[in-house]
Every structure is written in structure tokens, then in C-alpha cells.
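Results of the structural survey
Take a look at the letters that make up each chain.
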Amino acid sequence: MKNITLRQLRVFAAAARHKNFSRAAAELHLSQPAVSTQIKEFANFVGLPLFERIGRKTYLTAAGNEMLHCASAIAQCLKEAEDALAQLKGVTGGRLNVAVISAGDYFFPRLLAAFGESHPGIDFNLTVHNRESLLRHLADNLTDLAVMVRPPTDMDIVAVPFAPHPYVIVAPPNHPLAGVRQIPRTALNHERFVQREQGSDTWTSMREVFGRQFPRLNIAMQIHSTETIKQAVVAGFGIAFLSAHTISLDLQAGNLVVLDVQGFPALLNWYLVHNRTKRLPPVAAAFKDFLLREGAPLIERLVRSGLGSWPGEPRVQVAPALAGGARVARRRSLRPAG
């Protein structure tokens, strides 16, 4: 065991996650034979088989599961040592790992740029996900911070609201309801909706906002891409419930309009989320402070710059939920059993 290398641990951990040597090779930018060689040498040092094949599927053996646990623990120790050394150096370098739901990619790179102006030398790793993928990243400790609308209630996390997040109903400019004032919400029961898929933050927010009315809405099409939804609305397929933070350029270009529906915009919040027991690296802690201090007004300026008003447009304010401070959910991490 003393001859095992960090490279072998890394290759084994990737193969164990994927249960597939080809996928592990692609992740690590290695050839499949190179991965197979590293795994074979690793198994020789362990003295027991690490994988077993049953039918067409590959599984970890008991020894493989034990070594995966060890590899994860070693990787975490190295990460903590790196973070501790970065703290000794101060917040003038290091890597900030942030994961954000897809609605955030319309403005989040500019938030990172604003933070980077006062923290030179930092490298940024921004990944954009749907809700399910983001939660997996968070559960597997693959990101320092996550930004979403609806924090999970069944994970051991800290969730801090840092900015209002308005949702609106959008339509093409030639829609019969465009320009109509104070449209009753019940009038939307007769419209076709083009929406994000079930399980997404947008879908769940829509279900919460409409409440008992939600089952009566005609959701004619579900699409995994916000950009494609907007194009479908422009093409006349229907109207959509969307984040106001995703439509600024479309309003400016005149491709979409915001309908003046009673009770809209619906104000929710952007949340900054991290694992409760995670020791945040200095750069992540500094970015968290930055968002809590400057996130709300900065997002407002970024997404509203140069645009005229739209019905019910909110000004920079703190939504009621923001006054409550951090929300901590305590439960076991979302990891598949077995």
C-alpha cells in the first residue's frame, strides 16, 4: 500500500465514480489503456480485486468501496491543506469554485468580474447546471458555493438569501394581452404556456406562485433551455413564466413583452448555498461576504441597465424572506444508497 501514488488514487476514484474506464479516461484526458494500467497496478498494491462485472454492468467490490472512501478522504485532506495555505497567503489568489442554476448565467459572470476587480490573481471556475445536476455537485463537494432559487430542505446546508429574484409572465409583442392593464390571473388559464421542465427551479417556483391555480394552467410544452423557451414564445407557441433576470436583452430588442398580470412580478430570492460543515476557502468566504454586501444592487444594475420600465417592475429592495438571515437545513446529504 505504501507504493500507491496520488495519480493512481485519482484515476481509481474517477473510474469508481463512472463505473466505466472509458468515461474516466475522458474526464482525466487519458487513453483508456493508460487508465486500465493504472487501475491494474493499483489493484496489485491493494492485493484484492476492486471491480467486478455482472452482466453488462460494472460494480465496486467491498475492497473497491473501501478504497474509494480512502481516496475521497485523502483528496479532501489535500484540499483542506491547500485552502489553509491559501489563507496564510491572503485573498489575493486561489481558485473560486461556484455552481449556479441556468437562470444565473445571464448575469453571474459579471458578478465574478466585479469581485475579481478587487481581488486580483483569483482563478474562477463557474459551472452552470439544472437543479438536479447542481444538487449533485453540492452533495459530492465538487463546488465551494452554489447559487439557486430553491435551497433543498433535505441536505445539511447553510442557505443565505442575498438578492430578490422576480418572476414575470412574458409574451410576444403581438399577443392579444400585450398592453392590457391588470390582467386577472384567471385569464392565464386560457393561454398556452411554454415552460422549463418539471423538477427545475423555475417549474417549482411557478407551481408555488400559482398555488391552487397551477393544475388549471395549460402547460403545452416543456423545454430544458430558457433560451429555447424564449424563442418558442417569440415564434407564437405560447407565453412563459420566466425569471426577469433572463429577459433584459429580449426586452431591449423588442422580442418579448412583460404582461401586466395581477400579483406579478412574483418576488422570490437568490440563495447562496454551501455545505454546513464545509470550511470555506478564504476566496469563497470573501465572495460570500461580497454577495451579501453588494449582490442585490449589483444584480439590479446589471440586468436593468439601459432598459425602460415594465409592469410592476421592482426596485432594489430586500424581499421579506431576506430579513430572516441564513436558513440552515440539517439532514443527511443527498447521496444514492448503495
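Refer to the preceding data block for the structure.
Just so we're clear, the structure is a prediction, and the values are computed from it rather than from any experiment. (Residues numbered from 1 in each chain as written. Predicted model: local features only at pLDDT ≥ 70, side-chain atom pairs only at ≥ 80, totals over all residues. Heavy atoms only, no water.)

Section: helix α2 (residues 21–28)
Stated formally: Think of it in three bands: residues with accessible area under 20% of the maximum for their type are buried, residues over 50% are exposed, and the middle band is partly exposed, with areas taken using a 1.4 Å probe on protein chains only. Strands are runs of DSSP state E lasting at least two residues, helices are runs of H or I lasting at least four, and both sets are numbered from the N terminus onward. The arc in question is formed by the directions pointing from the helix axis toward the C-beta atoms. Residue contacts follow a heavy-atom distance rule, with two residues in contact if any of their heavy atoms lie within 4.5 Å.
Those residues of α2 lying buried are A24, A25 and L28. Seen from one end, α2 has its buried residues packed into an arc of 100°, which puts them on one side. Opposite the buried face of α2, at more than 90 degrees from it, the exposed residues are R23 and A26. Packing partners of the buried residues in α2 comprise α1 (6–18) and α3 (32–46).

Re the packing of aromatic side chains
Where two aromatic rings form a pair, the distance of their centres and the angle of their planes describe that pair. Quick reminder of the rule: Centre distance within 6.5 Å is the pairing criterion for rings of Phe, Tyr and Trp, where only the six-membered ring of Trp is used; planes under 30 degrees apart are then read as stacked, over 60 as edge-to-face, and the remainder as tilted.
A complete count under the given rule lists 15 aromatic pairs for this structure. Measuring from centroid to centroid gives 5.4 Å for F107 and W270, while their planes differ by 70°, and the two rings are edge-to-face. With F107 in the loop between β3 (95–101) and α5 (108–117) and W270 in strand β11 (residues 266–275), this pair connects stretches of sequence that are 163 residues apart. Among the residues examined, F107 registers a relative accessible area of 0% and is labelled buried. The buried category is assigned to W270, whose relative accessible area is 0%. Taken together, a centroid distance of 6.3 Å and an interplanar angle of 75° make the contact between F193 and F210 edge-to-face.

Some remarks on the pattern of salt bridges
Convention followed: Between Lys or Arg on one side and Asp or Glu on the other, a salt bridge is scored when a side-chain nitrogen of the former is within 4 Å of a carboxyl oxygen of the latter.
On inspection of all chains with the given rule, the structure shows eleven salt bridges. Note that K278 is salt-bridged to D144, the shortest N-O span being 3.5 Å. Remark: D144 occurs in the loop between α6 (131–139) and β5 (145–148) and K278 occurs in the loop between β11 and α10 (282–304); sequence separation between them is 134 residues. Owing to a relative accessible area of 14%, K278 belongs among the buried residues under this scheme. According to the relative accessible area criterion, D144 is buried, its value standing at 2%. Notably, a salt bridge pairs R196 with E197, separated by 2.9 Å at the nearest N-O pair.

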